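Spelled out from the first residue to the last, the chains are:
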Amino acid sequence: MKRGRKTNEANSSSSGETTEKESKRHRVIDKKPVAVQSPDWANLLQDIILQVFQYLPLLDRAHASQVCRSWNQVFHMPDLWRCFEFELNQPATSYLRATHPELIKQIIKRHSNHLQYVSFKVVDSSKESAEAACDILSQLVNCSLKTLGLISTARPSFMDLPKSHFISALTVVFVNSKSLSSLKIDDTPVDDPSLKVLVANNSDTLKLLKMSSCPHVSPAGILCVADQCHGLRELALNYHLLSDELLLALSSEKHVRLEHLRIDVVSENPGQTQFHTIQKSSWDAFIKHSPKVNLVMYFFLYEEEFDPFFRYEIPVTHLYFGRSVSKDVLGRVGMTCPRLVELVVCANGLRPLDEELIRIAERCKYLSAVGLGECEVSCSAFVEFVKMCGGRLSQLSIMEEVLIPDQKYSLEQIHWEVSKHLGRVWFPDMMPTW
């Protein structure tokens, strides 16, 4: 027994020594430096590089393209050039960023046939920058654009151009694209003949057209678009282009249901602009054909020019008053706008709008967003208005100076009372948020 125990102890000791030796040997091996192979970025799959490039700003993408030949090839892939915004200004007079002239040359030379979604932003709103935009447009002879937007950030600089120069450049795109689906040309000298060229080449694809403040377009010109572009779903224009014939054309069986119609009602010279009246039967036909349409109306009128409006029911859903509007007009809004969803009043005057707001709450059952600026409403009437509308008021932007304390509520109390009826915490605004 003793001999067996000694044998086992010897074996155990021998095994422990062996294990310790192995452990030491592994530790020595572990201490040897291991060569780490650096990744070969040039051999990354181009699909992966393409995904990364799509998230990079243009300048960073251009810098990355200089890493190696493979990355440069990805930089010029068509997928990266389908959507592009040209930012134009005059470096001598503006510190704002702009698309580098050399890059513009490269785009026209190598990628014009890849462009599909293009916009031109005239950053400094100068005539020279607008001319540069037209020069680029006139060279896009090999492209097939799907969307085109012309944007002046400060003022309508495209209106400063010779009309023939602008129309010539725009017609190049209309003729060569053949598949335009979205066109935003607000504040430009586009005219009826150029719209006919647009329709002749893109009538089957055009779905969105925004052309507010285009003084050279007549009601007949926009009617031509509505008659031929049966897939049109969104339209923005000035009120002087709206007509009974246009609404009936948009209501024809051939035409798809319109989703969004924006109308700007603008007057620059008080008393010198005559506004026509749209027949109720035309509105009725329009709503019967497109019952879910958003009808947005922006009013920039003087008080004496509102007489033709809100005399009978109108299917407006979003209503914005950019100038002072009278109590009488707001009272008529409550009587004639049952589909109203959003109401913004920038200014009214010094007479409280208590009765008008209550009437709007009673009649406009879909109202969910309200903004009030330079107006006056008693705290009691405002609480009653909120109580009648209830939780459907998802947006309630009221300037603090609008609310007039009365015997029932002070400004401190109205916060709690309104919050209770809304079902969420609410405070009046210190500055306009619309």
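Residues numbered from 1 in each chain as written. Predicted model: local features only at pLDDT ≥ 70, side-chain atom pairs only at ≥ 80, totals over all residues. Heavy atoms only, no water.

Per an unreviewed UniProt entry, the protein goes by the name FBXL3 protein and belongs to Grus americana. Heading Pathway (unreviewed entry) of the UniProt record for the protein holds this comment: "Protein modification; protein ubiquitination." (UniProt positions renumbered as here; feature names shortened; annotations may be inferred.)

Visitor: Which parts of the structure should I look at to understand the overall build of the protein?
Guide: A tally of regular secondary structure across the protein gives 15 helices and 14 strands. Look at the contacts in the protein between residues 6 or more apart in sequence, and 73% of them connect residues 24 or more apart. Carbon and sulfur atoms provide 53% of the accessible area of the protein, an area that totals close to 23100 Å². (Helix = DSSP H or I, 4+ residues; strand = E, 2+ residues; numbered from the N terminus. Contact = heavy atoms within 4.5 Å. Areas by Shrake-Rupley, 256 points an atom, 1.4 Å probe, with all protein chains shown as cover.)

Visitor: In this structure, what is going on with helix H6 (residues 127-138)? I would like to understand it.
Guide: In an α-helix, one turn spans 3.6 residues; hence positions three or four apart end up facing the same way. Between the first and last C-alpha of H6 there are 17 Å, a value that for twelve residues agrees with the 16 Å anticipated at 1.5 Å per step. Buried residues of H6: Ser-129, Ala-130, Ala-133, Cys-134, Ile-136 and Leu-137, and no others. Across the axial projection of H6, the buried residues extend over an arc of 160°, all falling on one side. Lining the buried residues of H6 we find strand E1 (83-88), helix H5 (101-111), strand E2 (117-122), strand E3 (147-152) and helix H7 (163-177). (Expected span 1.5 Å × (residues − 1). Buried < 20%, exposed > 50% of the residue type's maximum accessible area, 1.4 Å probe, protein only. Arc of directions from axis to C-beta.)

Visitor: Mind showing me how you'd approach empty space enclosed by the protein here?
Guide: Taking a probe equal in size to a water molecule and rolling it over the atoms shows the remaining empty space. Scanning the entire structure with this criterion turns up two cavities of 30 Å³ or more. What the largest cavity holds in volume is close to 110 Å³. Along the walls of the largest cavity sit Tyr-239, His-276, Thr-277, Ile-278, Trp-283, Met-297, Pro-308, Phe-309, Phe-310, Arg-311, Tyr-312 and Ile-314, which together make up its complete lining. Class assignment for the residues of the lining of the largest cavity results in nine nonpolar, two polar and one charged. (1 Å grid on protein atoms, 1.4 Å probe; cavity = no way out; pocket = protein on both sides within 12 Å on 5 of 7 lines; lining within 4 Å. Points joined across faces, edges and corners; volume = space filled by probe spheres on them. Nonpolar A, V, L, I, M, F, W, Y, C, P; charged D, E, K, R; others polar.)

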